[in-house]
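A look at the structure
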Amino acid sequence: MSIIKRCKQLFISDAMALLAAIAVGSMIFIINSILDVEVAPTLLYITLVFMSANIFSIPVFLTVAASCIAFLTFNFIVDAGYRDEKLIAGFVRCLIALTTITLLALRSKKSSESLRRKEAFFMGAQKLSRTGSIGFIIDKDETVSWSAESARIFEYPVDLTPTVALIKDRTHPDDLAIFDSVLERAARQEWHIEVEHRLVMADGRIKHVHMIANPLFNHHGRVEYVGAVKDVTAARQAEEALFHSQAKLAHVTRVTSMGELAASIAHEINQPLAAVITSGESCKRWINRPEPDLEEARRSLDRIIQNSCRASEVIACIRALSRQSDVQRKTEVFDDIVSDSLNLMQHEISSHQARLSLVAGAPGACVKGDRVQLQQVIINLIINACQAMANVHDRARLLRISTSVQDNEAVLEVADSGTGIAQDILATLFDPFFTTKHNGLGMGLAICRSIIEFHGGRIWVTSTVGVGTRFVFAIPLTTASDDQ
Ligand code: ADP
């Protein structure tokens, strides 16, 4: 409805403007007829053509220009100028001038209209993609310019002249170093500047922006950086939400596998506790002798301490695995993560009558990551390996676990002599909810993959049906200096 109204309004205003222009043209014609001058009316027509090019739409402008040419010609005929050679030459000159001016004005009008259209497209695209343009010159005046969308991203009034100080005011205090680095890089005239940092709005909201800029060298030797700034807050928030849900899912599956391992875990705690009781009793006997053997009693006490420590380590490990805590990235000794995981799995492995061979081949190698999550991956691979060997009766049940360092990566290999996996399902193994077990959830390997990828690594599997399966993951090594 409003569009129809607007069209009607445009039509009425165009028609009025056309009438006004023709009226002015007629006036020029009358003046020309009365005063009988040769060039001045042409100048008036040219002025009228120029004015209408600026004010009217192309059809109205063309009508006005055609009317001017018609008036000029009509005037020439009425004055019987064709009888005089000089007048004919003058008329032709005026006609050529007016026509040329009309064509030039038409061309410039068309290009300015196409520029306006492009600007409208550009502004629409900027708004939709939340991307603004930005330009800055880092000299003593520190000139900044930006598009309306950039002003909206920084939440400043669109008509406010941007300055470096205004942008700095919006920068998150923890990201001021990034902001300063942009100025330094621009002062060094670096070819490509690309940064991502946070902004703090007046009401305390945090925004994430991604900025790229390249230099444009102008004639006065000044370097202007031009580029784009994109509001990536929604993407960052979505990534964070996904990260949290993945961490929650990992926690749920961890607790589920802990439930499955309850009997084995109870055994892992019971074993040192039983040893504590036995050593306590023998300590009592060594002391109660008519002649107490203090050396033996001391040894029994050492065993009590050792086993108590082991029980408390197992409990600490279980607590860490079942606690829902934020993901932490710390420098960890790779082999320690593996041996800690095995601490919980000894009984599970022996209850499946599997023989464990362990090669700790990455002594001192460190990785940066979440200890609990990496343990979860290792435990999951060991549980799967034990379950795959449960139905193997014709050969030894072998579980080979080895660590190594290869190409700057810490590598863990878990190989079993279980049933193996058919080649056609190998590719789907890491898909969520893929399971071949009647009570399986099918999330274990999917979570293992997301954890390993979160640690910047990769996980893969090779298998031969009837021989066994080998899962391998590799994550980047870290050095102590990476921690700073
Ligand atoms: P779930 O254990 O709940 O089935 P996983 O994602 O841990 O979920 O495993 C998916 C599937 O991959 C298993 O159902 C099994 O078919 C297969 N699988 C995993 N590890 C092994 C293995 N070591 N040997 C044979 N098959 C395996």
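These lines cover the structure that appears in this document, whether it is placed above or below. (Residues numbered from 1 in each chain as written. Predicted model: local features only at pLDDT ≥ 70, side-chain atom pairs only at ≥ 80, totals over all residues. Heavy atoms only, no water.)

A count of helices and strands for the protein gives 14 helices and twelve strands. Rg of the C-alpha trace for the protein: 41 Å, well past the compact-globule value of 23 Å for 484 residues, more than 25% over. Residue burial in the protein is summarised as follows: out of 484 residues, 38% are buried. Approximately 27700 Å² of the protein is accessible, and the part contributed by carbon and sulfur atoms is 61%. Separation between the mean location of the 49 positive side-chain charges and that of the 53 negative ones in the protein comes to 4 Å. (Helix = DSSP H or I, 4+ residues; strand = E, 2+ residues; numbered from the N terminus. Rg over C-alpha atoms; globule rule 2.2 N^0.38 Å. Buried < 20%, exposed > 50% of the residue type's maximum accessible area, 1.4 Å probe, protein only. Areas by Shrake-Rupley, 256 points an atom, 1.4 Å probe, with all protein chains shown as cover. Lys, Arg positive; Asp, Glu negative; His and termini not counted. Charge placed at Lys NZ, Arg CZ, Asp CG, Glu CD.)

For the rest of this paragraph, the subject is the sheet that holds strand β9 (residues 398-406). The sheet built from five strands is open, its strands ordered β7-β9-β10-β12-β11 with mixed pairing. Two strands close off the open sheet at either side, each with one partner strand: β7 (355-360) and β11 (458-464). Taken over all neighbouring pairs, the strand axes of this sheet differ in orientation by 15° on average, direction set aside. Relative to strand β12 (residues 468-476), β11 runs antiparallel, the two sharing seven bridges. Following the sheet pairing, I459 is matched in β12 by F473. In the packing of helix α11 (residues 334-351) onto the sheet, the strands contacted are β7, β9, β10 (409-416) and β12, and the crossing angle to β9 comes to about 175°. (Pairing = 2+ DSSP bridges. Axes fitted to C-alpha atoms, helices over the stretch in contact; angles between N-to-C directions. Contact = heavy atoms within 4.5 Å.)

Further remarks concern helix α3 (residues 58-78). Compared with an ideal rise of 1.5 Å per residue, which puts 21 residues at 30 Å, α3 spans 30 Å between its outermost C-alpha atoms and is within 8% of the ideal. Three or more residues of α3 are buried, namely I58, V60, F61, V64, A65, S67, C68, F71, L72, N75 and F76. Directly beyond the C-terminal end of α3, a positive phi value near 55° is found at A80. (Expected span 1.5 Å × (residues − 1).)

Next up on the list: a nonpolar patch on the surface. Side chains of I77, Y82, I88, V92 and I96 sit close together on the surface and give an oily, nonpolar patch of about 440 Å² of accessible area. For the nonpolar patch, the leading source of residues is helix α4 (residues 85-129), giving three residues. What makes Y82 partly exposed here is its relative accessible area of 45%. (Patch = residues over 30% accessible without salt bridge, like charges linked within 9 Å, V, L, I, M, F, W, Y side chains within 5 Å. Salt bridge = Lys/Arg side-chain N within 4 Å of Asp/Glu carboxyl O.)

Strands sit in the order β2-β1-β5-β4-β3 across an open sheet of five strands; the sheet is antiparallel. Across the chains shown, the open sheet's two edge strands, defined by having one partner strand only, are β2 (143-146) and β3 (193-200). The mean inter-strand angle of the sheet, taken between neighbouring strand axes irrespective of direction, is 25°. Both strand β4 (residues 206-217) and strand β5 (residues 223-231) contribute to a ladder of nine bridges, which runs antiparallel. Opposite V209, over in β5, you have D231 as the bridge partner.

Before going further, it helps to examine the site of the ligand. Taken together, the neighbourhood of the ligand is formed by 19 residues, with T435, T436, K437, G442 and L445 sitting nearest. Interatomic distance of 2.9 Å between a side-chain N/O atom of N384 and an oxygen atom of the ligand. Note that a nitrogen atom of the ligand is positioned 2.9 Å from one of the side-chain N or O atoms of D416. For the ligand, whose free accessible area comes to 530 Å², the fraction covered by protein is 92%. Breaking the shell around the ligand down by element, the ones donating at least two residues are α12 (371-389), α14 (444-454) and β12. (Near = heavy atom within 4 Å. Polar contact = N/O pair within 3.5 Å; in protein donor to acceptor, adjacent residues only side chain to side chain.)

Pairing of β3 with β4, which is carried by eight bridges, proceeds in the antiparallel orientation. By the bridge assignment, R198 is partnered in β4 with H208. A loop of five residues connects β3 with β4, the two strands running antiparallel in sequence, and G204 in this loop sits at a positive phi of about 95°.

Once that is clear, we can look at α14. Listed in full, the buried residues belonging to α14 are L445, A446, I447, C448, I451 and I452. In this structure, the buried side of α14 is in contact with α8 (233-260), α12, β11 and β12. After α14 finishes, the residue G456 shows a positive phi value of roughly 75°.

Remark: helix α10 (residues 294-322) packs on α11, axes separated minimally by 10 Å, with the N-to-C direction vectors making an angle of 100°. Here α11 runs roughly perpendicular to α10, going by the angle between their axes. Along the contact surface, α10 presents R310, E313, V314, C317, I318 and L321, while α11 presents D340, N343 and L344. Its residues assigned to classes, the contact of α10 with α11 comprises five nonpolar, one polar and three charged. (Parallel < 35°, antiparallel > 145°, perpendicular 65-115°, else oblique. Nonpolar A, V, L, I, M, F, W, Y, C, P; charged D, E, K, R; others polar.)

With that settled, the discussion passes to the packing of aromatic side chains. Ring pairs (aromatic) are described by centroid distance and by the angle formed between their planes. Using the criterion set out here, one finds seven aromatic pairs in the structure. Taking the centre distance of 6.2 Å and the plane angle of 85° together, the rings of F334 and F473 count as edge-to-face. Separated by 139 residues along the polypeptide, F334 in helix α11 and F473 in strand β12 bring together distant segments of the chain. Here the two residues F334 and F473 agree in accessibility, since each one is buried. Above the ring of Y156, the side-chain terminus of R170 is found at 4.3 Å from the ring centroid. (Phe/Tyr/Trp six-rings, centres within 6.5 Å; stacked < 30°, edge-to-face > 60°. Lys NZ or Arg CZ within 6 Å of the ring centre and 35° of its normal.)

A few words on the side chain of E348. Secondary-structure assignment places E348 in helix α11. Here E348 sits buried without a salt bridge, and the closest side chain of opposite charge, K437, lies 9.7 Å off (N-O distance). One polar contact links E348 to S264, side chain to side chain, over a distance of 2.6 Å. Dropping the residues within four chain positions of it, E348 is found in contact with L261, S264 and C386.

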